[in-house]
Amino acid sequence: MAALTPGVIPYEGANQFLLLPTKLIPRALWPDKPTLSRGQWFSVNFRGLEETTTSSSAMTLFGESYLFFGWTGVILGALMAGGALAVLARQLDRPGMAAVYLALVPTILEIEPELSSYLTSLVQRSIVFIVVFLVLTHRSKAG
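Scope of this entry: the structure provided in the associated data block.

Looking now at the overall build of the chain. Helices and strands together make up the secondary structure of the chain, namely six helices and zero strands. Secondary structure of the chain in N-to-C order comes out as α-α-α-α-α-α. Looking at the 143 residues of the chain, the share that counts as buried comes to 18%. Contacts in the chain between residues far apart in sequence, at least 24 positions, make up 42% of those at least 6 positions apart. Carbon and sulfur atoms form 68% of the exposed surface of the chain, whose accessible area is close to 11000 Å².

Structure, rendered in structure tokens:
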């Protein structure tokens, strides 16, 4: 990306950057909301795929920040992302949230579908193992 920008593909400046908060507005509230996904454009221009491709490549937060303002954009993007994560962590770091975090584990692990099924099987088998272990150790103490 750094090899093509700004020499071949110029920095985009603030135009696209200022549109980023609009991603938070649901399409139900704004039916004519512009499509901000540029995965196909990124695939064609930076990965060298043909213009007729239907493939889409995701840009990272820092890659997109680089396209907006160069290395200054990367630093600004990192500071904004870090600040947002710090505020979020401060708000969500409470003991009562442990159950919510555990409930979200399968969703987070959905990145690798087989991994979530392995985890589910592991938990199920562990529960059975613990129950059998408790029954056998209780009987051995009683006898």
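This next bit is on helix α4 (residues 71–92). Taking 1.5 Å of rise per residue, the 22 residues of α4 would be expected to cover 32 Å, and the 31 Å separating its terminal C-alpha atoms lies within 8% of that figure. Every buried residue of α4 is listed here: Gly-73, Val-74 and Gly-77. Taken around the axis of α4, the buried residues stretch over an arc of 95 degrees, which confines them to a single face. Of the exposed residues in α4, those oriented more than 90 degrees away from the buried face are Trp-71, Thr-72, Ile-75, Leu-79, Val-87 and Arg-90.

Here we take up the packing of aromatic side chains. Using the criterion set out here, one finds three aromatic pairs in the structure. Aromatic side chains Tyr-66 and Trp-71 sit 5.1 Å apart centroid to centroid with 65 degrees between the ring planes, which places their arrangement in the edge-to-face category. Residue classification places Trp-71 among the exposed residues on the basis of a relative accessible area of 58%.

Moving on to a nonpolar patch on the surface. Together, Leu-85, Leu-88, Leu-92, Val-100, Tyr-101 and Leu-104 give the surface a local cluster of nonpolar side chains, amounting to about 510 Å² of exposed area. Where the nonpolar patch is concerned, the elements lending two or more residues are α4 and α5 (98–108). Considering the arrangement of structural elements, one finds Val-100 in helix α5. Given a relative accessible area of 38%, Val-100 falls into the partly exposed group.

Examined against the element boundaries, Pro-34 turns out to sit in the loop between α1 (14–19) and α2 (39–46). Sequence separation between Pro-34 and Lys-23 is 11 residues; the distance between their C-alpha atoms is 9.3 Å.

Between helix α3 (residues 61–69) and α4, whose axes approach to 6 Å, the crossing angle comes to 135 degrees. Relative to α4, α3 is oriented oblique. Regarding α3 and α4, the two cross each other, and that crossing is right-handed. Of α4, the residues touching α3 (which contributes Leu-61, Phe-62, Ser-65, Tyr-66 and Phe-69) are Trp-71, Thr-72, Gly-73, Val-74, Gly-77, Ala-78 and Ala-81. Its residues placed into classes, the contact of α3 with α4 shows eight nonpolar, four polar and no charged.

Criteria and cut-off values
- Residues numbered from 1 in each chain as written.
- Predicted model: local features only at pLDDT ≥ 70, side-chain atom pairs only at ≥ 80, totals over all residues.
- Heavy atoms only, no water.
- Helix = DSSP H or I, 4+ residues; strand = E, 2+ residues; numbered from the N terminus.
- Buried < 20%, exposed > 50% of the residue type's maximum accessible area, 1.4 Å probe, protein only.
- Contact = heavy atoms within 4.5 Å.
- Areas by Shrake-Rupley, 256 points an atom, 1.4 Å probe, with all protein chains shown as cover.
- Expected span 1.5 Å × (residues − 1).
- Arc of directions from axis to C-beta.
- Phe/Tyr/Trp six-rings, centres within 6.5 Å; stacked < 30°, edge-to-face > 60°.
- Patch = residues over 30% accessible without salt bridge, like charges linked within 9 Å, V, L, I, M, F, W, Y side chains within 5 Å.
- Salt bridge = Lys/Arg side-chain N within 4 Å of Asp/Glu carboxyl O.
- Axes fitted to C-alpha atoms, helices over the stretch in contact; angles between N-to-C directions.
- Parallel < 35°, antiparallel > 145°, perpendicular 65-115°, else oblique.
- Left-handed = near helix turned anticlockwise from the far one by under 90°.
- Nonpolar A, V, L, I, M, F, W, Y, C, P; charged D, E, K, R; others polar.

By themselves, these observations are geometric and do not establish any function.
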